[in-house]
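# Architecture and fold: a report
The chain contents come next:
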Amino acid sequence: MQECLFCSIAKGQTDTIFLYEDDELVAFRDISPQAPFHILIVPKAHMQSAATLTEDEGSILGRVFNLAARLAAQDGYTNGYRIVTNVGEEGGQTVPHLHFHVLAGRNLGWPPG
Ligand code: 5GP
Ligand code: ZN
């Protein structure tokens, strides 16, 4: 069985450079950025998506949102940003390991395409 891509990245098994790492979370730049600032915040524990996140696991969300604010501000993106988590095929999820996109640096528009 092939290992999950974001599990491999989170374990440090690739050459991905971390912007942030602690016991629970890693953050790194998206390989295909959709905005001048586009990072991914990824829980180290394998969870498929926001749809399968249990209430107990949900405590991690506060930390994810707090980290998003700090990393965007650290790169000077103080005019706003967007946090996105895609769920399932029609939700646009391509990597089946829970992750949060944080995008900034251009007018992101609403609604999303
Ligand atoms: P999803 O489509 O599942 O919401 O988001 C997956 C994201 O992971 C995509 O934006 C894609 O560009 C990014 N991605 C896929 N493979 C890699 C990789 O090996 N390294 C990095 N840094 N990002 C990746
Ligand atoms: Zn995984």
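Up top is the structure these notes are about.
In what follows, the accompanying structure is described. Here the structure is a predicted model, which means the values were calculated and not measured.

Once that is clear, we can look at the pattern of salt bridges. Under the defined criterion, the tally for this structure stands at five salt bridges. For the salt bridge of Glu 3 with Lys 11, the shortest nitrogen-to-oxygen distance reads 2.7 Å. Taking the relative accessible area as the measure of exposure, Glu 3 reaches 39% and is therefore partly exposed. A salt bridge links Lys 44 to Glu 21, with the nearest nitrogen and oxygen atoms 2.8 Å apart. Of this pair, Lys 44 sits in the loop between β3 (37-43) and α2 (60-74) while Glu 21 sits in strand β1 (residues 18-21), and the two are 23 residues apart along the sequence. It is possible to trace a salt-bridge network through shared partners that takes in Asp 22, Glu 24 and Arg 63.

Right, let's talk about the sheet that holds strand β4 (residues 82-84) for a bit. As summarised here, the arrangement of the five strands in space is β1-β2-β3-β5-β4, forming an open sheet in which the pairing is antiparallel. What marks the edges here is a single partner per strand, and that holds for β1 and β4. The average angle at which neighbouring strand axes cross in this sheet is 20 degrees, direction not considered. Sheet topology note: the β4/strand β5 (residues 100-104) ladder contains three bridges and is antiparallel. Its bridge partner lying in β5, Arg 82 is registered against Leu 103.

All right, on to the site of ligand 1 then. Within the structure, ligand 1 sits among 16 residues, and Arg 29, Asp 30, Asn 86, Thr 94 and His 101 are positioned closest to it. A distance of 2.9 Å is found between an oxygen atom of ligand 1 and a backbone nitrogen or oxygen belonging to Val 95. At 2.8 Å from an oxygen atom of ligand 1 is found a side-chain nitrogen or oxygen belonging to His 101. When ligand 1 sits alone it has 520 Å² of accessible area, and the protein chains cover 81% of it. Where the shell around ligand 1 is concerned, the elements lending two or more residues are α1 (5-10) and β2 (25-29). With three residues, the single largest contributor to the shell around ligand 1 is α1. Across the shell around ligand 1, the residue classes break down as seven nonpolar, seven polar and two charged.

Conventions we followed
- Residues numbered from 1 in each chain as written.
- Chains lettered and ligands numbered in written order.
- Predicted model: local features only at pLDDT ≥ 70, side-chain atom pairs only at ≥ 80, totals over all residues.
- Heavy atoms only, no water.
- Salt bridge = Lys/Arg side-chain N within 4 Å of Asp/Glu carboxyl O.
- Buried < 20%, exposed > 50% of the residue type's maximum accessible area, 1.4 Å probe, protein only.
- Helix = DSSP H or I, 4+ residues; strand = E, 2+ residues; numbered from the N terminus.
- Pairing = 2+ DSSP bridges.
- Axes fitted to C-alpha atoms, helices over the stretch in contact; angles between N-to-C directions.
- Near = heavy atom within 4 Å.
- Polar contact = N/O pair within 3.5 Å; in protein donor to acceptor, adjacent residues only side chain to side chain.
- Areas by Shrake-Rupley, 256 points an atom, 1.4 Å probe, with all protein chains shown as cover.
- Nonpolar A, V, L, I, M, F, W, Y, C, P; charged D, E, K, R; others polar.

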